[in-house]
Amino acid sequence: METHGDDRVQRITFDHDFTDDSDIETFPKGMRLYGNGHSVEIREVEDSAGFAYLSISRTLRKGQIGSDVLHLHDTFGAEQTPLHWYGGPELMEQYYPIEKLRFVDYPYITKELHSAAIIERYWLSTAGVFFYVDKEVPLFIDQNDQVLRFTAKKELPYYTYDDEFVFNYRIGVAADAREAHQKAVERVLNQPVDIPDERMVRQPIWSTWVRYRRPISQQTVLDFAREINAYGFKNAQLDIDDLWEVCYGSLTFNTITFPNVTEMTETLREMGFRVTLWVHPFINKNCDPWYTEALSKGYLVKSHNETIGYNTKWWNSGENEASYINFNNPDAVEWYRRRLRELQELGIDNFKFDAGETSWAPADPDIEGSTALLPSSQTVNFVRMCAAFGGMIEVRTGWGTQDLPVFVRMLDFDTRWGWNNGLLSLIPTLLQMNLNGYPFVLPDMIGGNVYGDDILTKELFIRWLEASVFMPSIQFSKTPWDIDEESITISKKFAQLHETYSDYIIQRMRLAVSHGTPVNPPIWWLDPTDKIAQTIYDEYLLGEDIVVAPVLAEFATTRDIYLPKGTWRDGNTNRVHEGGRWIYNYTAPMDTLPYFVSATFQLN
């Protein structure tokens, strides 16, 4: 039980472990509970002005299970206000607040399933309480409409060959959610050590992926660059996506489709483009001599289960037709890194790093590193290898890697309007990433990936672009001139609006480095006690001076907007509004993005 003064703010149940006749042993700043073959230690780590910080810990033996329950819908404060929750995993259906999510015996590791590429063990409530489960815990979660259960048990996909394990987590209690989050950044989440590449903030990234799919060719890349310039658009870089290699994992250009890479990169540089290259951590078994070399040198992830061996499957292989490079092996890291440097010698500026989640590896991996951190240390070591290439890269996964000065991309979105991995999931994903300590968010490509039977309409393309304008970067693949002339005009307008505010975006990025503050916070950030703001999922802030409320519904030309605390100037009309209230039926035809700027804000 956690309290603010006399007010209860959070109820926790120790499940399975204790009964009413359990023994209690007290000691300075803590206590131990004994019973039912378990003991748990509750220790006060810190008790400073307005902040209490507790550690809950126990050591369990293999075969034992520890399970504690957070009661999600308790009320707190004199007004008995219901709790709302933030943080948790990145997901394909990214609801916000996250009490809407549902899990059953869910292993809490980075995984391809449900797009759970960022999976910090962090939860934050509107009562000003945060929970952080330590990295060494073999954690599973269950969640329904009433409770979130943390369970520690030695089962796959975790390492299962040791006899003891820990079940440790921390609880922070502060005055409100904003203060609690800042304390969590300082104590458990970390903050970036620098900002990523500034040109990726100021100008759009262009990718070949959605427009051209695979394979790609030198001529296609050059033609694409010429079109971008001919239509008067700027660029941060041009990314050559899938399939430029001889075979998957060769990291070697196919000389039939790319006959002269150096000539291509020199031409692109003369045209004003930097060049990045899509890469991944897999080698397909038919990709020789590279596969045989990696296998013979022990550079691939192997399973403890000999029937699985080195086999895995990813989206560009069949079942058991690929292997995953072992980034826990320093020699494998250097081998991979050296081959990327050879690509840079051809004029490739940097890389778009795909995948990296733990679940791509064979089940029950037999690899190096602290057994308590397996299997997710695979993700950590992959991402840290990527970050060594500097701030111009992008990755799409993370686990305790908030310190890295790189863009973290949202996973592939579908070309849809709704919560089902469509446009409506975009802002909740932005907020989830920021509140897990990843402020340098790269949204997925404007309009989504157009998979399967999805259709990218003009309206969806424009609304997606508008929603992304005040995020840290913009990424195109389908182009405005694929649609019509009006789309070109509107896209230039919003690309310019993004560039106009890019200095402020960079300023907020630097503040994330110095103070750990989100670049794009939820609107309750300005007033954590605002009950309406706590549940707003379709608006976001840039810093503390811009409220963004894009239209996210098909055929809509108006929307209701909630303005948080403050005095705001309409970015479209210059009309001034007082916050803490709704603006109903705000008119926003397809070429209009509703946004509001703090009345005291001065754009440098």
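Residues numbered from 1 in each chain as written. Predicted model: local features only at pLDDT ≥ 70, side-chain atom pairs only at ≥ 80, totals over all residues. Heavy atoms only, no water.

Asks: Hey, could you run me through the overall build of the chain in this one?
Replies: Across its full length, the chain carries 12 helices and 34 strands. Referenced to the eigenvectors of the C-alpha coordinate spread, the extents of the chain come out at roughly 75 × 70 × 40 Å. The 604 residues of the chain split such that 62% are buried. Within the chain, counting contacts between residues at least 6 apart in sequence, those at least 24 apart form 70% of the total. Of the accessible surface of the chain, which amounts to about 21900 Å², a share of 48% is contributed by carbon and sulfur atoms. Distance from the positive charge centre (55 side chains) to the negative charge centre (86 side chains) of the chain: 2 Å. (Helix = DSSP H or I, 4+ residues; strand = E, 2+ residues; numbered from the N terminus. Buried < 20%, exposed > 50% of the residue type's maximum accessible area, 1.4 Å probe, protein only. Contact = heavy atoms within 4.5 Å. Areas by Shrake-Rupley, 256 points an atom, 1.4 Å probe, with all protein chains shown as cover. Lys, Arg positive; Asp, Glu negative; His and termini not counted. Charge placed at Lys NZ, Arg CZ, Asp CG, Glu CD.)

Asks: Looking at this model, I keep getting lost on the layout of surface pockets. Mind explaining?
Replies: Over the atoms rolls a probe the size of a water molecule, and in doing so it shows where empty space is left. Its boundaries defined by the atoms lining it, the largest pocket holds a volume of some 440 Å³. As for the largest pocket, its lining consists of 21 residues, of which Glu112, Trp315, Arg396, Asp412 and Tyr451 are closest to the centre. Residue composition of the lining of the largest pocket, grouped by class: nine nonpolar, two polar and 10 charged. (1 Å grid on protein atoms, 1.4 Å probe; cavity = no way out; pocket = protein on both sides within 12 Å on 5 of 7 lines; lining within 4 Å. Points joined across faces, edges and corners; volume = space filled by probe spheres on them. Nonpolar A, V, L, I, M, F, W, Y, C, P; charged D, E, K, R; others polar.)

Asks: How do you make sense of the domain arrangement of the chain when you look at a structure like this?
Replies: A common way to report how large an interface is uses the accessible area buried once the components associate. Per the domain assignment, the segments making up the chain are domain 1 (2-188), domain 2 (198-280 + 337-511) and domain 3 (533-598). Centre-to-centre separation of domain 2 and domain 3, based on C-alpha positions: 28 Å. Contacts between domain 2 and domain 3 engage 27 residues on the former and 26 residues on the latter. Sorting the residues of domain 2 by area buried against domain 3 places Ile427, Arg463 and Phe470 first, and these three jointly supply 29% of that buried surface. Our count for the domain 2 to domain 3 interface comes out at one salt bridge. Notably, a salt bridge pairs Arg508 with Glu544, separated by 3.9 Å at the nearest N-O pair. Summed over the shared surface of domain 2 and domain 3, the result is 10 residue pairs in polar contact (both at pLDDT 80 or more). When contributions to the side of domain 2 that touches domain 3 are tallied by element, the ones reaching two or more residues are helix H9 (426-435), helix H10 (458-468), helix H11 (485-500) and helix H12 (502-515). (Domains from an automatic or database assignment. Buried area = accessible area lost by both parts, 1.4 Å probe. Salt bridge = Lys/Arg side-chain N within 4 Å of Asp/Glu carboxyl O. Polar contact = N/O pair within 3.5 Å; in protein donor to acceptor, adjacent residues only side chain to side chain.)

Asks: How should I be thinking about the nonpolar core in this particular structure?
Replies: One recurring pattern in soluble globular proteins is that nonpolar side chains are buried together. Grouped together as the largest cluster of nonpolar side chains are 160 residues, with contacts concentrated most on Trp244, Phe353 and Phe470. Those residues in contact with Trp244, other than ones at most four positions away along the chain, are Ile216, Leu251, Thr252, Phe253, Asn254, Phe258, Leu277, Trp278, Val279 and Leu343. In this structure, Ile56, Leu101, Ala152 and Ile171 belong to the second largest nonpolar core, which totals 40 residues. (Core = buried A, V, L, I, M, F, W, Y, C linked by side-chain atoms within 4.5 Å.)

Asks: I tried to follow H11 on my own but got confused; where do I start?
Replies: Think of an α-helix as turning once every 3.6 residues; residues three or four places apart then point the same way. With 16 residues, H11 extends 23 Å between its outermost C-alpha atoms, agreeing within 8% with the 22 Å of an ideal straight helix rising 1.5 Å per residue. When we look at burial in H11, the residues that qualify are Ser487, Ile488, Ile490, Ser491, Phe494, Ala495, Leu497 and His498. Of the surrounding elements, those touching the buried residues of H11 are helix H2 (199-202), H10, H12 and strand S34 (595-598). With a side-chain oxygen positioned 3.3 Å from the backbone nitrogen of Glu486, the residue opening H11 is Asp484. (Expected span 1.5 Å × (residues − 1).)

Asks: Whenever I open this one, the side chain of Gln378 confuses me. Can you help?
Replies: Here Gln378 is to be found in helix H8 (residues 377-387). Overall, the relative accessible area of 2% leaves Gln378 in the buried class. Within polar-contact distance, the side chain of Gln378 engages the backbone oxygen of Pro375 at 3.0 Å. Ignoring any residue separated from it by four or fewer positions in sequence, one finds Gln378 in contact with Val301, Tyr324, Asn328, Thr358, Ala361, Pro365 and Ile367.

Asks: Which parts of the structure should I look at to understand the sheet that holds strand S32 (residues 576-578)?
Replies: Within a beta sheet, neighbouring strands are joined by backbone hydrogen bonds and run either parallel or antiparallel to one another. With respect to topology, five strands assemble into an open sheet ordered S28-S29-S34-S31-S32, the strand pairing being antiparallel. One side of each edge strand has no neighbouring strand; the edge strands of this open sheet are strand S28 (540-542) and S32. Ignoring which end each strand starts from, the neighbouring axes of this sheet average 30° apart. Pairing between S28 and strand S29 (residues 546-548): three bridges, direction antiparallel. Of the residues in S29, the one forming a bridge with Tyr540 is Val548. (Pairing = 2+ DSSP bridges. Axes fitted to C-alpha atoms, helices over the stretch in contact; angles between N-to-C directions.)

Asks: Looking at this structure, I do not really get a nonpolar patch on the surface. What am I missing?
Replies: Together, Ile532, Trp582 and Tyr584 line one region of the surface with nonpolar side chains, adding up to about 300 Å² of accessible area. When you line up the elements, Ile532 lands in the loop between H12 and S28. Its relative accessible area of 35% is what places Ile532 among the partly exposed residues. (Patch = residues over 30% accessible without salt bridge, like charges linked within 9 Å, V, L, I, M, F, W, Y side chains within 5 Å.)

Asks: Help me understand unusual backbone geometry, please; the structure alone is not making it clear to me.
Replies: What you tend to see is this: most non-glycine residues have negative phi, and most peptide bonds are trans. Following Leu156, the chain continues into Pro157 via a peptide bond in cis, with omega recorded as 15°. Structurally, Pro157 is set in the loop between strand S16 (147-152) and strand S17 (164-173). In this model, Leu251 sits at a positive phi of 50°, which is unusual for a non-glycine residue. One can find Leu251 in the loop between strand S19 (237-240) and helix H5 (261-270). By relative accessible area, which is 6% here, Leu251 ends up buried.

Asks: It is not clear to me how the state of the cysteines should be interpreted in this structure. Could you clarify?
Replies: Think of a disulfide as a covalent bridge from one cysteine sulfur atom to another cysteine sulfur atom. Taken as a whole and assessed by the stated rule, the structure comprises one disulfide. Here Cys247 engages in a disulfide with Cys287; their sulfurs sit 2.0 Å apart. An S-S torsion of about 75° defines the bridge between Cys247 and Cys287 as right-handed. With Cys247 in the loop between S19 and H5 and Cys287 in the loop between strand S21 (282-284) and helix H6 (290-296), this pair connects stretches of sequence that are 40 residues apart. Of the residues examined, Cys287 reaches a relative accessible area of 0% and is grouped as buried. (Disulfide = S-S within 2.5 Å.)

Asks: For this particular structure, what's the right way to read the sheet that holds strand S4 (residues 23-27)?
Replies: In spatial order, the strands read S4-S5-S6-S7-S17-S14-S13-S11; together these eight strands make up an open sheet with antiparallel pairing. This sheet does not close on itself; its edge strands, each paired only once, are S4 and strand S11 (85-87). Neighbour-to-neighbour, the strand axes of this sheet turn through a mean angle of 20°, independent of strand direction.

Asks: I tried to follow the packing of aromatic side chains on my own but got confused; where do I start?
Replies: For any pair of aromatic rings, the description rests on two quantities: the centre-to-centre distance and the angle between the ring planes. Summed over the entire model, instances satisfying the criterion amount to 53 aromatic pairs. Look at Tyr159 and Tyr161: their rings are 5.3 Å apart centre to centre, the planes differ by 65°, and that puts the pair in the edge-to-face class. Residue classification places Tyr159 among the buried residues on the basis of a relative accessible area of 19%. Ring pairing ties together the aromatic residues Trp206, Tyr212, Phe224, Tyr231, Phe233, Phe461, Phe476 and Trp481, which thus form one cluster. Above the plane of the ring of Trp399 lies Lys135, whose end atom (NZ or CZ) is 5.6 Å from the centre. Here the basic side chain of Lys153 rests over the ring of Phe140, its NZ or CZ set 4.7 Å away from the ring centre. (Phe/Tyr/Trp six-rings, centres within 6.5 Å; stacked < 30°, edge-to-face > 60°. Lys NZ or Arg CZ within 6 Å of the ring centre and 35° of its normal.)

Asks: Where do I start with the pattern of salt bridges in this structure?
Replies: Pairing is possible between side chains of opposite charge, provided their charged atoms come close. Scanning the entire structure with this criterion turns up 43 salt bridges. The partner of Arg226 in a salt bridge is Asp223, with the nearest N and O atoms 3.4 Å apart. Highlighted residues: Arg226 and Asp223, both in helix H4 (residues 218-230), separated by three residues, approximately one helical turn. Relative accessible area serves as the criterion here: at 40%, Arg226 is assigned to the partly exposed category. Residue classification places Asp223 among the partly exposed residues on the basis of a relative accessible area of 33%. Arg416 is the salt-bridge partner of Asp414, the closest N and O atoms lying 3.6 Å from each other. The class for Asp414 is buried, based on a relative accessible area of 11%. Since its relative accessible area comes to 32%, Arg416 is described here as partly exposed. Connected through salt bridges with shared partners, the residues Asp354, Glu357, Glu394, Arg396, Arg409, Asp412 and Asp444 form a single ionic network.

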